[in-house]
Amino acid sequence: MEAKQSNLIASFQVDHTKIVPGIYESRVDEIGGDFTTTFDIRMKSPNKEPAIHPNAMHTIEHVVATFLRNDVEWKDRVIYWGPMGCLTGSYLILKGHPRPQELQPLLLRAFEHLRDYEGEVPGATAINCGNYLLHDLPMARWEAARYIEVLKSGARYEYEVTERLETSGGVFYDS
Ligand SMILES: [Zn+2]
């Protein structure tokens, strides 16, 4: 049996040297006849600017996840929000197959909430979190303000692709 040529995880097919901050569709999965869509909520240009500090990213996870799960318009479609290991953005998994542009108002609300957030980080206790001291709310608020600028003025919604190759094992993108 011939192995498929293109068996990389979908997100790794994107050229990360060309990613800039924005909102991207990372992958779409069909589960039992319904779609789930994984979005790449990219806050930093990978390998070109400092990534988000782990403490700030942890706080972004807690505050934004809490916001998304309580947003009247979207909460019923939110499956997951969590950080990328590379610390340049987060993944948002939603029911259905909305377009990235449709998420801009939601993410603007979420990050404005974080930018203005005061008080205790939700869930940052030893009972609710696996590393409750690994937080930095002031830095998370600073990162939120930076991403709001992207959302308001420069958000991209499609990965930059310069050349597309068809192969027997599927389709992949190459620069
Ligand atoms: Zn935690």
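Predicted, not measured: the structure shown is a model, and the values here were computed from it. (Residues numbered from 1 in each chain as written. Predicted model: local features only at pLDDT ≥ 70, side-chain atom pairs only at ≥ 80, totals over all residues.)

## A short note on the packing of helix H1 (residues 54-68) against helix H2 (residues 104-115)
Close contact between H1 and H2 brings their axes to 9 Å; oriented N to C, the two are set at 130 degrees. In this view, H1 runs oblique relative to H2, as classed from their interaxial angle. When the axes of H1 and H2 are compared, the crossing they make is right-handed. Touching Ile60, Val63, Val64, Phe67 and Leu68 of H1 are Ala110, His113 and Leu114, all from H2. The class makeup of the residues in the contact of H1 with H2 is seven nonpolar, one polar and no charged. (Axes fitted to C-alpha atoms, helices over the stretch in contact; angles between N-to-C directions. Helix = DSSP H or I, 4+ residues; strand = E, 2+ residues; numbered from the N terminus. Parallel < 35°, antiparallel > 145°, perpendicular 65-115°, else oblique. Left-handed = near helix turned anticlockwise from the far one by under 90°. Contact = placed C-beta atoms within 7 Å. Nonpolar A, V, L, I, M, F, W, Y, C, P; charged D, E, K, R; others polar.)

## Comments concerning the environment of leucine 94
Among the structural elements, leucine 94 can be located in strand E4 (residues 89-95). Given 22 C-beta atoms within 10 Å, leucine 94 falls into the buried group. Taking C-alpha positions, leucine 94 is 5.6 Å from threonine 36, a pair spaced 58 residues apart along the chain. Residues within four places of leucine 94 in sequence aside, it is in contact with Thr36, Thr37, Phe39, Arg77, Val78 and Ile79. (Buried ≥ 20, exposed ≤ 12 C-beta atoms within 10 Å, placed from the backbone.)

## Details of H1
Helix length check: H1 (15 residues) gives 21 Å between terminal C-alpha atoms against 21 Å at 1.5 Å per residue, within 8%. Within the span of H1, buried status applies to Ala56, Met57, His58, Thr59, Ile60, His62, Val63, Val64, Phe67 and Leu68. (Expected span 1.5 Å × (residues − 1).)

## What about the sheet that holds E4?
Taken together, the four strands give an open sheet; going across it, the order is E1-E2-E4-E3, and neighbouring strands pair in antiparallel fashion. Where the open sheet ends on each side, the last strands, each with one partner, are strand E1 (22-31) and strand E3 (78-83). The sheet shows a mean angle of 15 degrees between the axes of neighbouring strands, direction not considered. Across five bridges, E3 lies against E4 in antiparallel orientation. In the strand pairing of E4, tyrosine 80 is matched with isoleucine 93. (Pairing = 2+ DSSP bridges.)

## Description of the packing of H1 against helix H3 (residues 137-154)
Contact geometry for H1 and H3: axes closest at 8 Å, N-to-C directions at 75 degrees. When the interaxial angle is binned, H1 and H3 end up roughly perpendicular. Residues Asn55, Ala56, Thr59, Ile60 and Val63 of H1 form the contact with H3, whose participating residues are Leu137, Met139, Ala140 and Glu143. Partitioning the contact of H1 with H3 into residue classes produces six nonpolar, two polar and one charged.

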